[in-house]
Amino acid sequence: MLPTTLLAAFLPLLGYVLAQEEGQISGPTSSASAAGYSCDATKCKLPNCNCASTDPPGGLSPSDVPMFVVFTADDAIQTYTLDAVNQFLAHRKNPNGCQPKITYYTSLNYTNYTLVTDWYVAGNEIADHTMTHVGTPPEDEVTGNLIALNQLAGIPLSSIIGFRAPYLNYSVDTLKMLAKLGFTYDSSSSASVPVTDDGTDAFWPYTLDYGMANDCLVVDGLCKGQPVLPGFWEIPMYAMFDERGADGPHLMDPWLDTANGQSTVNDSATLEYMKSTFTAHYKGKRQPFGLYTHPIHVSTTVPGATVSNSTINMINEFLDWAQEQQDVWIVNSEQLLEWVRNPVPVSQLDSFAPLKCSTPAVDSSTKICNGIPQNEEGLLDHCAFSDFPFYTCYGCPEEPPTPSNPSPPQTTESGHVARFRLPANCSTPFWDPIKGTCICNSSSCAFTDQSRPIGPNGANLTGDQVSSGSQDGEPSQSANPYVPFNAAAPGALPAGAWSAMAVGVVGAVLGAMGAFSRL
Ligand SMILES: [Zn+2]
């Protein structure tokens, strides 16, 4: 969407920012003695309290626990970063037939706001990564991000529940600030010891009722019972480990790392340790496995792209391989946390609302600037700032948002007609920022559930069945069994779809509730 010349102008800066942020760790960041952690599990109960533990939540045995692959992206949202994520996920389905959704920890320099809207309305989680990408951030960097995302991307404040610190640099005060500001979770800490080692710090997400238990060796004042933040969650970032074990950790963008102490990047070696770490989690206590990405590094559409097809193919090969295994779900941080707070066994995941997918029921012919590309075509406002221009549905500000002024007044320059920002009583896909009206005020225009039952214990519906085609060359029905309900007559539905429709109706109601709970 942006002129290439402008991109070329700011990309060197962007590269400078990213070069500092590899999310690297070089060894254990915690230990049992440094953690000094104790938690009273008889008092600390779900859904709002959970002790740091390697055991799955709710007392479930690992065989009843889904194997979550948490997929996150960090930094600015641009066409080329979304392209990068889509090349790994757009063709995939989870066991319930839904396309995987990710968390985008969004910083605002270089972000194209309309793409944030689109990504959110498509079902992804938008989370806070500060406005200008600063570690151990002052409060206005965090709140300014919330305000600008709300005002210029139409993201309801209530849906921005998570935070990740730039460079993963945070302090005790950062966590206290996040809890005070009403965030639900932070995901900046590392789980840095293999799950197979004694003293592993690969804890399931936990609340800080009894303090932190990760990063105890690297963040001052953390752990030994601090900080006490009841009901505030930490979602550790789970490292992978090469042949060197605890001495060979890889956290973010592992495909940029060299493996096993070698001097050059080797995709085969990366794939090998990604698989072995996944398997250690899968055959153990099924702590989540994380793919923590800076999408720009694997974008083929960013000007000056250097990523190799070999690396992209390797990542897809890993995901293909992981999805061939039973009970594997690709999720975002919010979905993971929903499950941890309400840990149902895999046999009941077909009715678990947070893993469902839904499409806002907005007629494709309606002209409305709402985060759905077909509806908003031609309606975007172009904010032609010299440093980082962007598009938005919600009216251009007079100047770019900054931490000290995250929501400048709308411009009244020619060509810009004032628009209505998202109110608190209408959800994003139904708000018309040009007319200032909400086109949904009843359950009759609720979400359309598109999920499918997964059958008992996954019922072998896992796997990348669409992109890989059918295993044995069968025609389309088996290659893609996930026809949306509203696209097929009942007679054309595959066996089992009637129960699916029952689930769908319930899902639609839940979806509607979800839509309104965002108000
Ligand atoms: Zn970042």
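Here the structure is shown first, and the text comes after it.
Here we summarise the structure given alongside this text. (Residues numbered from 1 in each chain as written. Predicted model: local features only at pLDDT ≥ 70, side-chain atom pairs only at ≥ 80, totals over all residues. Heavy atoms only, no water.)

## Digging into the nonpolar core
This is how it is decided: For our purposes a nonpolar core is just a set of buried Ala, Val, Leu, Ile, Met, Phe, Trp, Tyr and Cys residues, chained together by side-chain atoms within 4.5 Å. Buried means the residue's accessible area, taken with a 1.4 Å probe over protein chains only, is under 20% of the maximum for its type, while exposed means over 50%, and partly exposed covers the values in between. Throughout, a residue-residue contact means that at least one pair of heavy atoms, one from each residue, lies within 4.5 Å.
Counting residues in each nonpolar core, the largest one holds 88 residues, and the members touching the most others are Ile126, Leu175, Phe278, Leu291 and Phe318. The contacts of Leu291, once residues within four sequence positions are left out, are Val69, Val70, Phe71, Thr72, Met240, Trp255, Met274, Phe318 and Leu319. Membership of the second largest hydrophobic core comes to 22 residues, among which are Ala127, Ile235, Trp329 and Leu349.

## Examining the state of the cysteines
As a reminder of what qualifies: Disulfides are defined as pairs of cysteine sulfur atoms found within 2.5 Å of each other. Here a helix means four or more residues in a row that DSSP labels H or I, a strand means two or more in a row labelled E, and each is numbered from the N terminus.
Throughout the structure, instances matching the rule amount to seven disulfides. With a sulfur-sulfur separation of 1.9 Å, Cys44 is cross-linked through a disulfide to Cys49. Residues Cys44 and Cys49 share a disulfide whose torsion about the S-S bond is about -105°; that sign makes it left-handed. Taken as a pair, Cys44 and Cys49 share a single burial class, namely buried. One disulfide in the model links Cys383 with Cys396; its S-S distance is 2.0 Å. The S-S bond linking Cys383 to Cys396 shows a torsion near -90°; that makes this disulfide left-handed. On the criterion of sequence distance, the pair formed by Cys383 in strand β15 (residues 381–383) and Cys396 in the loop between β16 (390–392) and β17 (431–432) is long-range, its members being 13 residues apart. Since its relative accessible area comes to 2%, Cys396 is described here as buried.

## Considerations on helix α5 (residues 139–153)
Because an α-helix completes one turn every 3.6 residues, residues spaced three or four positions apart along the sequence face the same direction. In plain terms, the rule: Take the number of residues in a helix, subtract one, and multiply by 1.5 Å to get its expected span.
Counted at 1.5 Å a residue, the expected span for α5 with its 15 residues is 21 Å, and the 21 Å between its end C-alpha atoms agrees. Most of α5 sits out of view: twelve of its 15 residues are buried. Among the residues of α5, those classed as buried are Glu141, Val142, Thr143, Gly144, Asn145, Leu146, Ala148, Leu149, Asn150, Gln151, Leu152 and Ala153. Against the buried residues of α5 lie β2 (103–106), α4 (113–121), β3 (125–128), β4 (162–163), α6 (172–180) and β16.

## So, the packing of aromatic side chains
Here a ring pair, both rings aromatic, is described through the centre-centre distance and the interplanar angle of the planes. Stated formally: We call Phe, Tyr and Trp rings a pair once their centres come within 6.5 Å, taking the six-membered ring for Trp, and we label the pair stacked below 30 degrees between planes, edge-to-face above 60, and tilted otherwise.
Under the definition given, this model contains 14 aromatic pairs. Seen in terms of ring centroids, Phe68 and Trp339 are 5.4 Å apart; in terms of plane orientation they differ by 65°. Their pairing is edge-to-face. Placement of the pair is Phe68 in strand β1 (residues 67–74) and Trp339 in helix α9 (residues 333–341), with a sequence separation of 271 residues. The buried category is assigned to Trp339, whose relative accessible area is 0%. With a centroid separation of 6.0 Å and an interplanar angle of 85°, the aromatic rings of Phe278 and Phe318 are classed as edge-to-face. One end of the pair, Phe278, is in helix α7 (residues 267–283); the other, Phe318, is in helix α8 (residues 309–323), with 40 residues separating them in the sequence. Owing to a relative accessible area of 0%, Phe278 belongs among the buried residues under this scheme. By relative accessible area, which is 0% here, Phe318 ends up buried. The rings of Phe278, Tyr282, Phe289, Phe318 and Trp321 are connected pair by pair, giving a single aromatic cluster.

## A word on the side chain of Asn50
The cut-off we apply is this: Pairs of N or O atoms within 3.5 Å make up the polar contacts considered here, provided that, within protein, one atom can donate a hydrogen while the other can accept it, and that residues adjacent in sequence are counted only when both atoms are side-chain atoms.
Position of Asn50 among the secondary structure elements: in the loop between α2 (32–35) and β1. A polar atom in the side chain of Asn50 sits 2.9 Å from the backbone oxygen of Pro205. Not counting residues within four places of it along the chain, the set of residues in contact with Asn50 comprises Cys44, Pro57, Pro205, Tyr206, Thr207, Trp233 and Val340.

## What to know about the pairing of strand β13 (residues 328–331)
Moving residue by residue along a regular strand, the side chains alternate between the two faces of the sheet. Definition in use: Strand pairing requires that DSSP identify at least two bridges connecting the strands.
The side-chain alternation of β13 yields two buried faces, one formed by Val328 and Ile330 and the other by Trp329 and Val331. Judged from the four bridges that link them, β1 and β13 form a sheet pairing that is parallel. Of the residues in β13, the one forming a bridge with Val69 is Ile330.

## Section: α7
The terminal C-alpha atoms of α7, which comprises 17 residues, lie 24 Å apart, in line with the 24 Å expected from a rise of 1.5 Å per residue. Within the sequence span of α7, burial applies to Asp267, Ala269, Thr270, Leu271, Tyr273, Met274, Lys275, Thr277, Phe278, His281 and Tyr282. For α7, the capping residue at the N-terminal end is Asn266, with a side-chain oxygen 2.9 Å from the backbone nitrogen of Ser268.

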